[in-house]
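Structural characterization, general
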Amino acid sequence: MTSDSAVVVRARSSRRNQAVIIKKNPKEIEQMAHAGVILVKTLNLVASKIRPGVSTVELDAAAEKFIRSQGAEPAFKGYRGFPGSICASPNSMIVHGIPGRYKLARGDILSVDVGVIRNGWVADAARTFPVGPVTPVARKLLGATEESLYLAVEQCHVGNRLGDVSHAVQHHVEAAGFSVVRTLVGHGIGRSMHEDPQIPNYGKPGTGIPLEVGMVLAIEPMVTAGRHAVRMGDDHWAIYSQDGSLAAHFEFTVAITPDGPRVLTPWHETGDGRAAA
Ligand code: MG
């Protein structure tokens, strides 16, 4: 799940407005990786059920049942009152879609965001799936957004700064002719889903906080095929592209280790689940 800037600022105000980055030791990162394994299995399960005619609430029910069967909890359920276990955001909806009666149609794209808490540690990840064959623009949007996430991960090592991560996303997305959403950001993650620092998907190389071993970051490019402005839906959760253009969202939880980045939610490594394109 993405963070809006206000959540982190509110959390920060009680700490004299200082960003407080809670680093994790190797054992703690291992705990988060366990949550990540369950999360990847959940995403794969959801992916296997994505087809025309399926409602997003059915996907949500399957995800919740599976997460609980693993002795874990869905991190989103009840988070600030969110009713679902996943966010299911079709087409021009960027993030935070409440699962409901909406039935997937051939040619849709669907962003699925999942959070898992296991032993008190949180993992957060998302990917956008095509529902059957999609338009060339949609295919290109999904490809560029996913690639921008991989490029961001490559920047996650000691010696770099947060701006290098943000810039990697922005540069790749804009070179493809798309826009990065400005008002929603990735975030630190650990025992809480949303910790410092905020991670914008745009920025300048060589700026921002230095990356250090033990930081764990939820990096989540949110990209529209049109302009970057957004609007909130009537349910006060869903965020749409303001111009109605298609939107994609890919997210990993990534730990910075002495050996470089470690993706704790490696949905890209497991057998696919990607709906037939
Ligand atoms: Mg997130």
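Residues numbered from 1 in each chain as written. Predicted model: local features only at pLDDT ≥ 70, side-chain atom pairs only at ≥ 80, totals over all residues.

Focus on the sheet that holds strand β4 (residues 93–95)
Picture the strands of a sheet paired through backbone hydrogen bonds; they go either parallel or antiparallel. Ordered by their spatial adjacency, three strands build an open sheet running β4-β13-β12, and the pairing between neighbours is antiparallel. What marks the edges here is a single partner per strand, and that holds for β4 and β12 (230–232). Pairs of neighbouring strands in the sheet enclose a mean axial angle of 40°, with direction left out of account. Taken together, the three bridges between β12 and strand β13 (residues 239–241) define a ladder with antiparallel strand orientation. (Pairing = 2+ DSSP bridges. Helix = DSSP H or I, 4+ residues; strand = E, 2+ residues; numbered from the N terminus. Axes fitted to C-alpha atoms, helices over the stretch in contact; angles between N-to-C directions.)

Examining the sheet that holds strand β14 (residues 247–249)
If you trace the three strands from one edge of the open sheet to the other, you get β7-β11-β14, paired in antiparallel fashion. Edge positions in the sheet fall to β7 (179–180) and β14, since each has one partner strand and no second. Across two bridges, the pairing between β7 and strand β11 (residues 222–224) is antiparallel. Within β11, the residue paired with Ser179 across the bridge is Thr224.

Notes on the environment of Val134
Here Val134 shows up in the loop between β6 (121–130) and α4 (136–154). Distance in space between the C-alpha atoms of Val134 and Gly107 is 4.4 Å, their sequence separation being 27 residues.

Regarding the pairing of strand β8 (residues 184–188)
Within β8, five of the five residues are buried, which leaves it mostly tucked inside the rest of the structure. The pairing of β8 with strand β9 (residues 195–199) spans three bridges and is classified as antiparallel. From the neighbouring strand, His187 faces β9, where its bridge partner is Gln198. In this structure, the hairpin formed by β8 and β9 is closed by a connection of six residues. Across two bridges, β8 lies against strand β10 (residues 216–219) in antiparallel orientation. Directly across from Gly188, in β10, lies its bridge partner Leu217. (Buried ≥ 20, exposed ≤ 12 C-beta atoms within 10 Å, placed from the backbone.)

Structural notes on the environment of Val263
As for its position among the elements, Val263 is in strand β16 (residues 260–263). Judged by the 21 C-beta atoms lying within 10 Å of it, Val263 falls in the buried class. Taking the C-alpha atoms as reference points, Val263 and Gln198, separated by 65 residues in sequence, lie 18 Å from one another. Ignoring anything within four residues of it in the chain, the contact list for Val263 reads Val153, Phe252 and Val254. (Contact = placed C-beta atoms within 7 Å.)

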